[in-house]
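Read off the chains here:
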Amino acid sequence: MDRWDWVRTASAITLAIGVAGGSSWFATQLVNSDYPGQPSYKPAGLGAPIDLAQLQRSWPSGLSTPGDDNRLSGYMSAVAKGTAPHPAPAGPVAAAPALPPPDLGTLLASADAAKGKATARVCVSCHSFQQGGANGIGPNLWAIVGRTVGREPGFAYSQALAVQQGSWSYERLDHWLMSPARAVPGNKMGFAGIRNPQDRANVLAYLGQLGAAPTPFPAPQPATVAAGGGAAKPGR
Ligand code: HEC
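Residues numbered from 1 in each chain as written. Predicted model: local features only at pLDDT ≥ 70, side-chain atom pairs only at ≥ 80, totals over all residues. Heavy atoms only, no water.

Visitor: Is there a simple way to explain the overall build of the protein in this structure?
Guide: From N to C terminus, the protein includes 11 helices and zero strands. Along the protein, from the amino end to the carboxyl end, the secondary structure elements read α-α-α-α-α-α-α-α-α-α-α. Looking at the 236 residues of the protein, the share that counts as buried comes to 29%. The contacts in the protein between residues at least 6 apart in sequence include a share of 49% that link residues at least 24 apart. (Helix = DSSP H or I, 4+ residues; strand = E, 2+ residues; numbered from the N terminus. Buried < 20%, exposed > 50% of the residue type's maximum accessible area, 1.4 Å probe, protein only. Contact = heavy atoms within 4.5 Å.)

Encoded structure:
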């Protein structure tokens, strides 16, 4: 080995020691040596009691950002280790009885038929809405409110729908559109349903306009009229 070999070897060793020392210093920064086992980095807000009941009530919008997720899981593990206060007990709000969902009449009184028409775009791959429109995968839906269930001429209904009695009221259609498969088991309408009650009411308001004369809405139930502030809108 000549002199330069020695210099190169020495520099390599110095560098290796430096890297090892540097990473060891860095690693100690990550752990909290005063409180072993805990990260020294703490997400913002950790340690403040979280009202879990409040969080549960607002789920899932209460955890809207990934930061909130981290904050909650950081808090929960800190509670488990006893380094953060326990969750705040549910306040008096949790004890308050839940309001009953608004009845269909109330929802229809404030329904928006234009929005319903937009929502009903999901139906047009199978249904036509115009007067005299052709049956497609599903029957034509002109004047469907008040029409006899499962009797549109020229459409081959499933046995399940063909044996139904009576006609389509708003309530019956609401039930059907919430989940066709549950409303009439064994029917062949390949559509999961519309979960949101107001979205459904909007579609019903639109369907109610399809016909020679719009079908009047059912009256809102008195108990919910006061809460919703809506009055019965006769006619439309
Ligand atoms: C994938 C196709 C498809 C979609 C999408 C669809 N339907 Fe249907 N629908 C059908 C079929 C098929 C039937 C007949 C079911 C049977 O005979 O069992 C039907 C039946 C109906 C009936 C009963 C008609 C009658 O004459 O009794 C109504 C009401 C109805 N659909 C409304 C809707 C509405 C409103 C939408 C959109 C929100 C919709 N459907 C979306 C295929 C569909």
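There is more to say after this.
Visitor: Where do I start with the layout of surface pockets in this structure?
Guide: The gaps left among the atoms become clear once a water-sized probe is rolled over them. The computed volume of the largest pocket comes to approximately 520 Å³. The wall of the largest pocket is formed by 30 residues, among which His 127, Gly 138, Pro 139, Trp 176 and Met 189 lie closest to the centre. Put simply, the parts of the chain that give the lining of the largest pocket at least two residues each are helix H8 (170–178) and helix H10 (197–209). Per-element tally for the lining of the largest pocket: the top contributor is H8, with three residues. (1 Å grid on protein atoms, 1.4 Å probe; cavity = no way out; pocket = protein on both sides within 12 Å on 5 of 7 lines; lining within 4 Å. Points joined across faces, edges and corners; volume = space filled by probe spheres on them.)

Visitor: I keep staring at the packing of aromatic side chains and nothing clicks. Help me out?
Guide: For any pair of aromatic rings, geometry is given as the distance between the ring centres together with the angle between the planes. What the rule picks out here adds up to four aromatic pairs. Judged by centre distance (5.5 Å) and plane angle (65 degrees), the ring pair of Phe 129 and Tyr 206 falls under edge-to-face. On the criterion of sequence distance, the pair formed by Phe 129 in the loop between helix H6 (113–119) and helix H7 (159–162) and Tyr 206 in helix H10 is long-range, its members being 77 residues apart. We classify Phe 129 as buried; its relative accessible area is 7%. Take Tyr 206: its relative accessible area is 10%, and that puts it in the buried class. Arranged with centres 5.4 Å apart and planes meeting at 55 degrees, the rings of Trp 168 and Trp 176 form a pair that is tilted. (Phe/Tyr/Trp six-rings, centres within 6.5 Å; stacked < 30°, edge-to-face > 60°.)

Visitor: How should I be thinking about the coordination of the iron atom of the ligand in this particular structure?
Guide: Where a metal carries four tetrahedral donors, each ideal angle is 109.5 degrees; where it carries six octahedral donors, the ideal angles are 90 or 180 degrees. Only His 127 (NE2) and Met 189 (SD) from the protein coordinate the iron atom of the ligand, and they sit 1.9 to 2.1 Å from it. Considering all six donor atoms around the iron atom of the ligand, angles at the metal cover 86 to 179 degrees and the coordination shape is octahedral. Of this pair, His 127 sits in the loop between H6 and H7 while Met 189 sits in the loop between helix H9 (180–183) and H10, and the two are 62 residues apart along the sequence. (Donors = N, O, S within 2.8 Å, 3.2 Å for Na, K, Ca; no water. Tetrahedral: all angles 85-135°; square planar, octahedral: opposite > 155°, others 65-115°.)

Visitor: So what exactly am I meant to see when it comes to the environment of Ser 169 here?
Guide: Looking at the element boundaries, Ser 169 is found in the loop between H7 and H8. Owing to a relative accessible area of 31%, Ser 169 belongs among the partly exposed residues under this scheme. Of note is the side chain of Ser 169, whose polar atom sits 3.0 Å from the backbone nitrogen of Arg 172. (Polar contact = N/O pair within 3.5 Å; in protein donor to acceptor, adjacent residues only side chain to side chain.)

Visitor: Sorry if this is basic, but what is going on with the site of the ligand here?
Guide: Around the ligand lies a shell of 26 residues, among which Cys 123, Cys 126, His 127, Tyr 157 and Met 189 are the nearest. Between the ligand and the protein, one listed contact pairs an oxygen atom with a side-chain N or O atom of Trp 168 at 2.7 Å. With three residues, H8 is the single largest residue contributor to the shell around the ligand. Within the shell around the ligand, the residues separate by chemical class into 18 nonpolar, six polar and two charged. (Near = heavy atom within 4 Å. Nonpolar A, V, L, I, M, F, W, Y, C, P; charged D, E, K, R; others polar.)

Visitor: What's the story with the confidence of the model for the protein in this structure? I'm lost.
Guide: Note: predicted coordinates in regions of low pLDDT should not be interpreted at a detailed level. Chain-level pLDDT for the protein is 83 on average; 74% of the residues reach the 70-or-more range. Per-element confidence in the protein is highest for H8, whose mean pLDDT is 98, and lowest for helix H11 (residues 222–228), whose mean pLDDT is 54. Note that pLDDT drops below 50 for residues 224–233; the model gives that stretch 11 contacts with residues more than four away or on any other chain. (pLDDT = per-residue confidence, 0-100.)

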